[in-house]
Amino acid sequence: MRRAVCPGSFDPITNGHLDIIARASRLYDEVYVAVMINKAKKGLFEIEERIDLIHQVTAEYANVRVEAFHGLLVDFCKQRDIPAIVKGLRAVSDFDYELQMAQMNNGLTGVETLFVPTNPTYSFLSSSLVKEVAQWGGDVSHLVPAPVLEALNARLRQD
């Protein structure tokens, strides 16, 4: 069985993330979406909320699994016999950092990283940008799936 992982913080998941996950799901038998736990960082959404939102927006992909992880991504891969990491690249600036990570991961365990060019529609998109625009009342409905927009608006009304 061909397995891959799409890692990230997904706070929140965007249409750009979803595009990479959907494309990976067509290439691999099983795709794990690994939601990074970083205890040093306070996200807008709790890990469980992120996982729930990802489950909702990936429900049409029967081969997508969603799990949280803490620690090294290569350990997550080893524990699940995942030989490949799939990462979306938006710009050359992404490549510099991601190449270093890919080389480190490969050097540690032999896990390969495949870079997928982002759909040009989402080349500027990041979770941070979505949160910032939404916090100032901007329309992000074309940048995130509907369940995420609903959760985002509800969260921002609470603050």
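This is a predicted model, so every value here is computed, not measured.

### Quick look at the overall build of the protein chain
Across its full length, the protein chain carries 6 helices and 5 strands. Helices and strands appear in the protein chain in the N-to-C order β-α-β-α-β-α-β-α-β-α-α. What you see for the protein chain is a C-alpha radius of gyration of 15 Å, in line with the 15 Å of a compact globule of 159 residues. For the C-alpha atoms alone, the extent of the protein chain along its principal axes is close to 45 × 35 × 30 Å. The proportion of buried residues among the 159 residues of the protein chain is 46%. Of the contacts made within the protein chain by residues no fewer than 6 positions apart, 75% connect residues no fewer than 24 positions apart.

### Focus on a nonpolar patch on the surface
A contiguous nonpolar patch, built from L72, M104 and L108 and spanning about 310 Å² of accessible area, is present on the exposed surface. Relative to the helices and strands, L108 resides in helix α4 (residues 92–109).

### Concerning the nonpolar core
Counting residues in hydrophobic clusters, the biggest one holds 36 residues, and the most contacted among them are V86 and L152. Elements that contribute at least two residues to this core include exactly β1 (3–8), α1 (15–27), β2 (30–36), α2 (47–57), β3 (64–69), β4 (84–89), α5 (127–135) and α6 (146–158). Here L152 is in contact with L44, F45, V130, A134 and V140, once residues within four sequence places are set aside. The next biggest cluster of nonpolar side chains, apart from the first, holds 11 residues, and it includes V5, F69, F76 and I85.

### Overview of the pattern of salt bridges
The full count for this structure, using the stated rule, is 12 salt bridges. When the shortest N-O distance is used, the salt bridge between D29 and R2 registers 3.3 Å. Residue D29 is found in the loop between α1 and β2, and its partner R2 is found in the segment before β1; the two are separated by 27 residues along the sequence. As a salt-bridge pair, K42 and E46 come within 2.8 Å of each other at their nearest N and O atoms. Given the relative accessible area of 67%, K42 is considered exposed. Taking relative accessible area as the criterion, E46 reaches 40% and is therefore assigned partly exposed.

### A few points about α2
Looking at α2, one finds that the buried residues are I47, R50, I51, L53, I54 and V57. Taken around the axis of α2, the buried residues stretch over an arc of 165°, which confines them to a single face. Looking at the buried positions of α2, the neighbouring elements they touch are α1, β2, β3 and α6.

### So, the pairing of β1
Along β1, 5 of the 6 residues are buried, which leaves the element largely enclosed by surrounding structure. With 6 bridges joining them, β1 and β2 adopt parallel strand pairing. Across the sheet, the residue bridging to V5 is Y32, located in β2. Sheet analysis places β1 next to β4, joined by 2 bridges and oriented parallel. Along β4, the bridge assignment pairs A4 with A84.

Conventions used here
Here the residue numbers are simple positions, counted from 1 along each chain's written sequence. Totals for whole chains, interfaces and linings use every residue, but because this is a predicted model, local features are given only for residues with pLDDT of at least 70 and side-chain atom pairs only at 80 or more, for both listing and counting. Side-chain metrics rest on all non-hydrogen atoms present in the structure, leaving aside hydrogens and water. The secondary structure listing takes helices from DSSP runs of H or I that are at least 4 residues long and strands from runs of E that are at least 2 residues long, numbered from the N terminus. Atoms counted for the radius of gyration: C-alpha only. Globule rule: 2.2 Å times residue count to the power 0.38. Classification of residues uses two cut-offs on accessible area relative to the type maximum, computed with a 1.4 Å probe and protein chains only: under 20% is buried, over 50% is exposed, and between them is partly exposed. Contacts were defined at the residue level, with two residues in contact if any of their heavy atoms lie within 4.5 Å. A patch is a set of surface residues, each over 30% in relative accessible area and not in a salt bridge, joined within 9 Å for like charges and within 5 Å for the nonpolar side chains Val, Leu, Ile, Met, Phe, Trp and Tyr. Computed with the Shrake-Rupley method and a 1.4 Å probe, the accessible areas treat only the protein chains shown as cover for residues. Salt bridge, as applied in this entry: a Lys or Arg side-chain nitrogen positioned within 4 Å of an Asp or Glu carboxyl oxygen. Definition used in this section: a nonpolar core is a set of buried Ala, Val, Leu, Ile, Met, Phe, Trp, Tyr and Cys residues joined via side-chain atoms within 4.5 Å. Comment: arc refers to directions from the helix axis out to C-beta atoms. Pairs of strands are assigned from DSSP output, requiring at least two bridges between the strands.

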